[in-house]
Amino acid sequence: MGKLPDYFGVSAFGIKMGVIVPGSDVVDMAYESLLKCNEDGFLDHGDTICITESVVARAQNNYVTVNDIASQVRKKLKLRADGKIGVLFPILSRNRFSMIMKGLAAAVPEGHVVVQLSHPADEVGNQILPYDFAEKLGKNNGEVINLDDIGVERFRHPITGVDYIELYQDIIREQARGSTIFLSNDPLQILGYKLDGVIVANIHKREKIRQKLAAQGQDCITLQDLCNEGASWSEWGLLGSNISSGDKLKLAPREADVVAEKIQARVRDGLGKNIEVIVYGDGAYCDPSTGIYELADPQPAFGMTAGLRGKYREGLKYKYLVDKMLDEGVGLEAIEGKLEEKKKEGFGRNSYETEGTTPRKAEDLIASLADLVSGSADAGTPLILVKGFLGN
């Protein structure tokens with residue numbers, strides 16, 4: 001065993017940690033795994049260690065129930081049991097939203113729930129209508145599409161085969177007295193239902209949408225405002241949560257920066273290695289086969305050590321530089337040396353030398369890489385060792 005050869009570039013490896021349960025010390029378990037890496041010569045200064053948010057939240061016992069969610073909704077929106085609430089732009093996901101929908105509806109057991117869906121897909125690309133459906137109806141982007149417009153033979157999700165309108169209707173019926181579901185991409189359409197409160201349920205543009213409704217006098221909150229206090233909580237609220245067993249929902253980890261800093265300090269003090277650490281969630285990429293944008297978490301990194309903040313990965317356009325040097329008559333044997341010289345010169349973001357190398361946050365790229373390596377199916381490697389990224 002030993003170090004990777006110097007001709008390796010950026011590399012990422014899944015590291016086993018064992019089973020993590022509520023009460024586990026993830027800092028200690030991560031350290032023990034990295035101790036083995038260090039003993040085998042595979043841990044170096046400048047490496048980045050990524051640990052999935054799922055095991056961090058589980059170790060924190062960061063779970064809430066349907067009743068917890070309902071209680072928070074009633075408290076935050078000052079609702080009565082017969083209240084009328086709106087749920088605006090939820091994503092179409094059993095794993096991510098079915099339990100949340102159950103908790104929201106349970107807040108008004110004698111009341112009514114109005115759900116407004118975006119179309120032809122939700123914000124992360126889960127399709128609910130054929131892409132040309134509104135056009136064939138002669139309706140514009142903001143006009144309302146009712147269930148009568150869609151008919152009984154509704155479109156099913158092309159991957160899961162689920163009729164999400166039916167799924168959400170059934171969930172609401174179990175908890176509340178009445179429901180209305182309609183589709184429109186204009187968030188202000190929901191105001192026509194005279195609601196006691198609205199939960200803005202989308203992820204990435206939640207604050208912009210909330211401000212639009214609030215400007216019209218509507219009492220509204222986002223998912224981040226729910227379950228952000230109490231015995232189990234996250235500063236992300238219900239954002240980044242996942243279904244668990246029974247009537248439980250696992251929240252995103254709380255204070256993930258602190259967890260990352262503790263792992264960093266433990267490795268520095270125990271192994272003498274200066275590393276960076278990320279607590280990662282969904283990777284930020286779009287699946288070309290399904291068109292689904294995989295980022296159902298609010299961001300790829302829930303927490304990180306300070307050395308990663310504000311860092312961008314930028315670089316030279318090697319293809320352009322090689323072609324340019326060849327055109328200028330530079331010999332093949334000299335090109336590699338000249339490329340190294342160019343790297344040291346530094347170029348502005350608008351220069352030809354960097355054209356096409358869009359600056360991206362290091363945390364987003366590393367977290368996405370870690371998610372691809374660990375896999376959503378969970379390969380039993382919740383710890384990812386990334387080498388060569390920050391030095392390249």
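Note: the structure precedes this text.
What you see is a predicted model, and the numbers here were worked out from it, not measured in a lab.

*Asks:* How do you make sense of the overall build of the protein chain when you look at a structure like this?
*Replies:* Helix and strand counts for the protein chain stand at 12 helices and 15 strands. Here the protein chain, with 392 residues, has 48% of them falling under the buried criterion. Considering only contacts within the protein chain whose residues lie at least 6 apart along the sequence, 72% involve residues at least 24 apart.

*Asks:* I keep staring at unusual backbone geometry and nothing clicks. Help me out?
*Replies:* Excluding glycine, residues mostly carry a negative phi; peptide bonds, for their part, are mostly trans. The omega angle of the peptide bond from histidine 119 to proline 120 is 0 degrees, so this bond is cis rather than trans. Mapped onto the fold, proline 120 is located in the loop between strand S5 (112–117) and helix H5 (133–137). The phi dihedral of asparagine 61 is positive, around 55 degrees, even though this residue is not glycine. Position of asparagine 61 relative to the elements: it lies in the loop between helix H2 (53–59) and strand S3 (63–65). Phi is positive for lysine 78, close to 55 degrees, though the residue is something other than glycine.

*Asks:* Got a minute to help me understand the sheet that holds strand S9 (residues 242–243) in this structure?
*Replies:* Backbone-to-backbone hydrogen bonds join strands into a sheet, with any given pair of strands oriented parallel or antiparallel. Strands sit in the order S3-S10-S9 across an open sheet of 3 strands; the sheet is antiparallel. Lying at the two open borders of the sheet, with one neighbouring strand each, are S3 and S9. Pairing of S9 with strand S10 (residues 248–250) involves 2 bridges; the strand directions are antiparallel. When the bridges of S10 are listed, isoleucine 243 appears paired with leucine 249. The strands that helix H3 (residues 66–77) touches are S3 and S10; relative to S3, the one it contacts most, it runs at about 75 degrees.

*Asks:* Help me understand the packing of aromatic side chains in this model?
*Replies:* Two numbers describe a pair of aromatic rings. These are the distance of the centres and the angle of the planes. Inspection of every chain in the model, using the stated rule, returns 5 aromatic pairs. Geometrically, the ring pair formed by tryptophan 236 and phenylalanine 302 is edge-to-face, given 5.9 Å between the ring centres and 85 degrees between the ring planes. Of this pair, tryptophan 236 sits in the loop between strand S8 (220–222) and S9 while phenylalanine 302 sits in strand S12 (residues 301–304), and the two are 66 residues apart along the sequence. In this structure tryptophan 236 comes out as buried when scored by relative accessible area, which is 12%. Three or more aromatic residues joined by ring pairs make a cluster, and in this case those are Phe97, Tyr164 and Tyr168. The ring of tyrosine 63 has lysine 248 lying over it, and the distance from NZ or CZ to the ring centre is 4.5 Å. Sitting over the ring of tyrosine 31, arginine 266 keeps its end group 4.2 Å from the ring centre.

*Asks:* Is there a simple way to explain the pairing of strand S4 (residues 84–88) in this structure?
*Replies:* If a strand is regular, its side chains alternate between the two faces of the sheet. Of all 5 residues in S4, 4 are buried, a share of seventy percent or more. Alignment of S4 against S5, held across 5 bridges, turns out to be parallel. Among the inter-strand pairings, valine 87 is bridged to a residue of S5, identified as valine 115. In this region the chain leaves S4, passes through helix H4 (residues 94–106) and returns to the parallel neighbour S5; the handedness of that crossover is right-handed. The pairing of S4 with strand S7 (residues 197–200) spans 4 bridges and is parallel. Residue glycine 86 lies in a different strand from S7, and its bridge partner there is valine 198.

*Asks:* Please clarify how the environment of leucine 77 should be interpreted in this entry.
*Replies:* On the secondary structure map, leucine 77 appears in helix H3. Here leucine 77 falls in the buried class, since its relative accessible area comes to 3%. In this structure the C-alpha to C-alpha distance between leucine 77 and valine 198, which are 121 residues apart in sequence, comes to 8.2 Å. Leaving out residues up to four positions away in the same chain, leucine 77 has contacts with Asp196, Gly197, Val198, Ile199, Asp219, Cys220 and Ile221.

*Asks:* So what exactly am I meant to see when it comes to helix H8 (residues 206–215) here?
*Replies:* An α-helix turns once every 3.6 residues. As a result, residues three or four positions apart point the same way. Listing the buried residues of H8 in full gives Arg206, Ile209 and Leu213. With its buried residues spanning 70 degrees around the axis, H8 presents them on a single face. The outward face of H8, more than 90 degrees from its buried face, is lined by the exposed residues Lys208 and Ala215. In this structure, the buried side of H8 is in contact with S4, S7 and S8.

*Asks:* What should I look at first to understand the sheet that holds S5 in this one?
*Replies:* Strand order in the open sheet formed by 5 strands is S6-S5-S4-S7-S8, with parallel pairing between adjacent strands. Strands with a single pairing partner mark the edges of an open sheet, and in this sheet they are strand S6 (178–183) and S8. Here the strands of the sheet are splayed against their neighbours by 20 degrees on average, with no regard to which way each runs. Each of S7 and S8 is contacted by H3, which is oriented at about 125 degrees to S7, the strand it contacts most. Contacts between helix H7 (residues 164–175) and the sheet are confined to S5 and S6, with S6 contributing the most and set at about 160 degrees to the helix.

Calculation criteria
Going along each chain's sequence as written, the residues are numbered from 1 onward. Predicted model: local features are reported for residues with pLDDT of at least 70 only, side-chain atom pairs are reported and counted for 80 or more only, and whole-chain, interface and lining totals are derived from all residues. In computing side-chain values, all of the structure's heavy atoms are included and hydrogens and water are not. Secondary structure counts use DSSP, requiring at least four H or I residues in a row for a helix and at least two E residues in a row for a strand, with both numbered from the N terminus. The buried label goes to any residue with under 20% of its type's maximum accessible area, the exposed label to any with over 50%, and the partly exposed label to all in between, with areas taken from a 1.4 Å probe on protein chains only. Whether two residues are in contact is decided by their heavy atoms: any pair within 4.5 Å suffices. Strand pairing is defined by DSSP finding a minimum of two bridges between the two strands. Between N-to-C directions, angles span 0 to 180 degrees; the directions come from axes that are lines fitted to C-alpha atoms, helices contributing only their stretch in contact. Stacked, edge-to-face and tilted are the three classes for Phe, Tyr and Trp ring pairs, Trp counted by its six-membered ring, which pair at centre distances within 6.5 Å; planes under 30 degrees apart are stacked, over 60 edge-to-face, the rest tilted. Any Lys NZ or Arg CZ that is within 6 Å of a ring centre and within 35 degrees of that ring's normal is treated as a charge sitting over the ring. With strands facing away from the observer, any crossover in which the path from the first strand over the helix to the second runs clockwise is taken as right-handed. This arc corresponds to the set of directions leading from the helix axis out to the C-beta atoms.

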